[in-house]
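# A look at the structure
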Amino acid sequence: MQPTEDPDVLLARRLRALRKHQWSGRVVTQGQLAEVLGGLSVALVSSWEKISHPTPPPLRHLETYALFFATERSVEREPFRLLRLDELTPVERASRDQLLDELSDLRIAARQPATGTAIEPAAKRTLWDFPYDQDVTIACAPLPASMLAGVPFTDPTNPDYLRMARFADLDALIELYGHIRARNPDNQVKCRTSDELRPDDFTSHLVLIGGVDWNLATRDMFLRVEMPVSQLTRPDDDDFGAFTVLEDGEELRFEPHVAKDGDRRTLIEDVAHFYRGPNPYNRNRTVTFLNGMFGRGTFGAVRALTDARFRDRNEAYVRDRFAEADTFSMLSRVPVVNGRVVTPDWTIPENRLHEWSEDRLGDRSGT
């Protein structure tokens, strides 16, 4: 029996085969590939293909490999070009995803120490897995000044100053930040309030926590992305706001359920919104909305994809429901029992209030 080649050698052979044999009668030179990969040196590309002591490329370059070799349109004219992800057909997108999974598995195996045991396959990619070495910025609303008055440690001149004390939706932020960091140990994940955002933050993978009442970045982004969903503000304590959807010329309205007893208000059920699409400031990055009419709805939107009991089934539902769409939106119910959020199960039709993607405009499920 012949010995099994090392995973790094298998990866090197696969990269070389893609370059020389992916398309019949057409060979991509190392120089051409280096240019497509962002003007890299030919020597660096060559080091990835060496059978003797190869160097596995970073994951971000494997993502470019997968995108480039997913379609022959990449080489239909010179100089060769790299298509955007949203330019791929469904068949090309499936080819890209399959190739990226293959190359990623080989790279992960190549980076693991030899133990004589079988290499575990790479974990399935989720909505919270971002490309290697790409920044992620989580933006929350700042608490209004009226709420910070008299709160300890919110004054920067105080020796015990706590920057996070001015963040709204802290429960959602802590939950999501920990999950994203665990899924992306090699990425920089930053937390900002919406009034702290810098130009580079807007062009990273941008995750917006909280609704339009306080989060100015969420309010701005609603104006810049195209979708049929809007969020109305809560002008006073007796108007609880709503999400509205324009569908076939008719406006649908989805409101939280709040029980009133004299001056007492009890939230029974909130409405959560999850949106994912290309970042309008940088089409090679994403923007994500996680917002509710109240903080508990925002927390429910986060928990739907972080709660260990529900995240896998909700992820599976999203993959099946929205297939190859890069842009999609979901409104769902978030039950609140004794003040505590119950994670929404998106596989239950009654929990899904409205669903939309750029390929399925106006498609609605649930009531």
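Relevant structure appears above.
Residues numbered from 1 in each chain as written. Predicted model: local features only at pLDDT ≥ 70, side-chain atom pairs only at ≥ 80, totals over all residues. Heavy atoms only, no water.

## What about the overall build of the protein?
Counting its secondary structure elements, the protein contains 11 helices and 12 strands. Principal-axis analysis of the C-alpha atoms places the extent of the protein at approximately 80 × 55 × 45 Å. Across the 367 residues in the protein, those meeting the buried criterion constitute 47%. As presented, the protein carries roughly 18,700 Å² of accessible surface, and 49% of it is formed by carbon and sulfur atoms. (Helix = DSSP H or I, 4+ residues; strand = E, 2+ residues; numbered from the N terminus. Buried < 20%, exposed > 50% of the residue type's maximum accessible area, 1.4 Å probe, protein only. Areas by Shrake-Rupley, 256 points an atom, 1.4 Å probe, with all protein chains shown as cover.)

## Observations regarding the sheet that holds strand β6 (residues 250-254)
The pairing of strands in a sheet happens through backbone hydrogen bonds and is either parallel or antiparallel. Spatially, the 3 strands line up as an open sheet ordered β4-β5-β6, and their pairing is antiparallel. The open sheet has two edge strands, β4 (229-232) and β6, and neither has a second partner. Averaged over all neighbouring strand pairs, the angle between strand axes comes to 25°, with direction disregarded. For β4 and strand β5 (residues 242-247), the ladder comprises 4 bridges, and the chain directions are antiparallel. The residue bridging V229 from the neighbouring strand is V245, located in β5. (Pairing = 2+ DSSP bridges. Axes fitted to C-alpha atoms, helices over the stretch in contact; angles between N-to-C directions.)

## What to know about the pairing of strand β12 (residues 352-357)
Among the 6 residues that make up β12, 6 are buried, leaving the element largely enclosed by the rest of the structure. Here 5 bridges tie strand β10 (residues 328-337) to β12, and the two strands are oriented antiparallel to one another. Bridging from a neighbouring strand, S332 pairs with R352 of β12.

## Let's talk about the pattern of salt bridges
Under the criterion given, the structure shown has 28 salt bridges. When the shortest N-O distance is used, the salt bridge between R96 and D97 registers 2.8 Å. Using a relative accessible area of 23% as the deciding quantity, one classes D97 as partly exposed. A salt bridge links R321 to E355; the nearest nitrogen and oxygen atoms lie 3.3 Å apart. Linking R321 in helix α11 (residues 311-322) with E355 in strand β12, this pair joins segments that are 34 residues apart in sequence. Given a relative accessible area of 10%, R321 falls into the buried group. We classify E355 as buried; its relative accessible area is 0%. Taken together, the shared-partner salt bridges connect R93, R96, D97 and D326 into one network. (Salt bridge = Lys/Arg side-chain N within 4 Å of Asp/Glu carboxyl O.)

## Things to note about the pairing of β6
One ladder, built from 5 bridges, connects β5 with β6; its direction is antiparallel. Bridge pairing in β6 places F243 opposite F254. Remark: 2 residues form the turn of the hairpin made by β5 and β6, two consecutive strands paired antiparallel; D248 in that turn has positive phi of roughly 55°.

## Considerations on the environment of G295
Relative to the helices and strands, G295 resides in helix α10 (residues 295-303). Separated by 46 residues in sequence, G295 and V341 have C-alpha atoms that sit 9.9 Å apart.

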